[in-house]
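Overview (structure and organization)
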Amino acid sequence: MIQEAEAFEPEATEPEATRRTAGVAESSRANRGWWDRNADEYQVEHGTFLGDDRFVWGPEGLDEVEAELLGPPEELKGKDVLEIGAGAAQCARWLAGQGARPVALDISHRQLQHALRIGAPFPLVCADAGALPFADGSFDLVCSAYGALPFVADPVLVLKEVHRVLRPGGRLVFSVTHPIRWAFPDEPGPEGLSVSASYFDRTPYVEQDDEGRAVYVEHHRTIGDRVRDVVAAGLRLVDLVEPEWPAWNTSEWGGWSPLRGNLIPGTAVFVCERS
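Scoring rules and cut-offs
Residues numbered from 1 in each chain as written. Predicted model: local features only at pLDDT ≥ 70, side-chain atom pairs only at ≥ 80, totals over all residues. Heavy atoms only, no water. Pairing = 2+ DSSP bridges. Helix = DSSP H or I, 4+ residues; strand = E, 2+ residues; numbered from the N terminus. Axes fitted to C-alpha atoms, helices over the stretch in contact; angles between N-to-C directions. Salt bridge = Lys/Arg side-chain N within 4 Å of Asp/Glu carboxyl O. Buried < 20%, exposed > 50% of the residue type's maximum accessible area, 1.4 Å probe, protein only. Patch = residues over 30% accessible without salt bridge, like charges linked within 9 Å, V, L, I, M, F, W, Y side chains within 5 Å. Areas by Shrake-Rupley, 256 points an atom, 1.4 Å probe, with all protein chains shown as cover. Lys, Arg positive; Asp, Glu negative; His and termini not counted. Charge placed at Lys NZ, Arg CZ, Asp CG, Glu CD. Contact = heavy atoms within 4.5 Å.

Next up on the list: the sheet that holds strand 1 (residues 16–19). Strand order in the open sheet formed by three strands is 1-7-8, with antiparallel pairing between adjacent strands. Single-partner strands in this sheet number two, and they are strand 1 and strand 8 (214–218). Each strand of the sheet is rotated relative to its neighbour by a mean of 20 degrees, with strand direction disregarded. Inspection of the sheet shows strand 7 (residues 205–208) paired to strand 8 by four bridges, in the antiparallel sense. Note on strand 8: the bridge partner recorded for V206 is V217.

Summed over all chains, the structure comprises 17 salt bridges. The shortest N-O distance in the salt bridge between R19 and D201 comes to 3.8 Å. Highlighted residues: R19 in strand 1 and D201 in the loop between strand 6 (166–177) and strand 7, separated in sequence by 182 residues. On the basis of relative accessibility, which here comes to 34%, the residue R19 falls in the partly exposed class. Residue E273 is joined to R171 by a salt bridge in which the shortest nitrogen-to-oxygen separation is 2.7 Å. Here R171 lies in strand 6 and E273 lies in strand 10 (residues 267–274), a separation of 102 residues in the sequence.

As a further point, take a negative patch on the surface. A surface patch of negative charge is lined by E66, E68, E74 and E75. Mapped onto the elements, E74 comes out in the loop between helix 2 (64–67) and strand 2 (80–84).

Here we come to the sheet that holds strand 4 (residues 124–126). Spatial strand order, 4-3-2-5-6-10-9: seven strands in an open sheet with mixed pairing. Here the strands that pair on one side only, and so sit at the sheet edges, are strand 4 and strand 9 (235–241). Sheet twist, expressed as the mean angle between neighbouring strand axes with direction ignored, is 20 degrees. In the sheet, strand 6 pairs with strand 10 via seven bridges, with the strands oriented antiparallel. Bridge pairing in strand 10 links S175 to V269. This element, helix 4 (residues 109–118), spans strand 3 (101–106) and strand 4 of the sheet and lies at about 170 degrees to strand 4. The strands touched by helix 5 (residues 155–165) are strand 2, strand 5 (139–145), strand 6, strand 9 and strand 10; relative to strand 6, the strand with the most contacts, the crossing angle is about 150 degrees.

By themselves, these are just geometric observations and shouldn't be taken as functional.
Rendered as structure tokens:
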């Protein structure tokens, strides 16, 4: 059961940013702790943009209402849907509004407490995406808007779990940071427009404490890697969407901005199906 709780205390000292290897267990442990500590700040900073019951695929503001990557909204009614990396379950809440039966899963207990705070008339599950606690063939659809996949050391493990819980003919749609972004500094201004690293360097980005323990990990995969991961999990890639930055969006979100968004892609959305 997800219960309300007091705010988490922030890290006492600023972590060191580095590039080094980080395995499955270390990445999972670090990111669970990071999202628990930073969920409050994240929801304050981005909650207005995300809304309480919108389905937004990324900082560009691509909305499922227009994109229909999961299918026409009228066809969602009665569908069993799993949202992975749900955060405060904004997407799951929108799905429930369309008549779907969503389940919102996140590794962070604190993120799910925000889902409870806003309101969650559907199950909230705190679990690792690499070990989904559901029976085979439980869902018609699985979705993930920047959830889990950018942060796991073994994305094929997660995708195989998705394949397992999807019914035949089911669909997975997930969005991640566009891989080309890793070649540029994470800055929204002009300083973020010059290549500073190799696109082909898959070394994870790690923030670690004074004792060298990871407190945040993000993993880089090239576009080719992502495609091969999907195929290795037994899924079929049916579309790859690279949202353009819309004129109405004047917001900055980390390294995302109108300046950069009009020049290079910031998000990649993979649309996959299970045979």
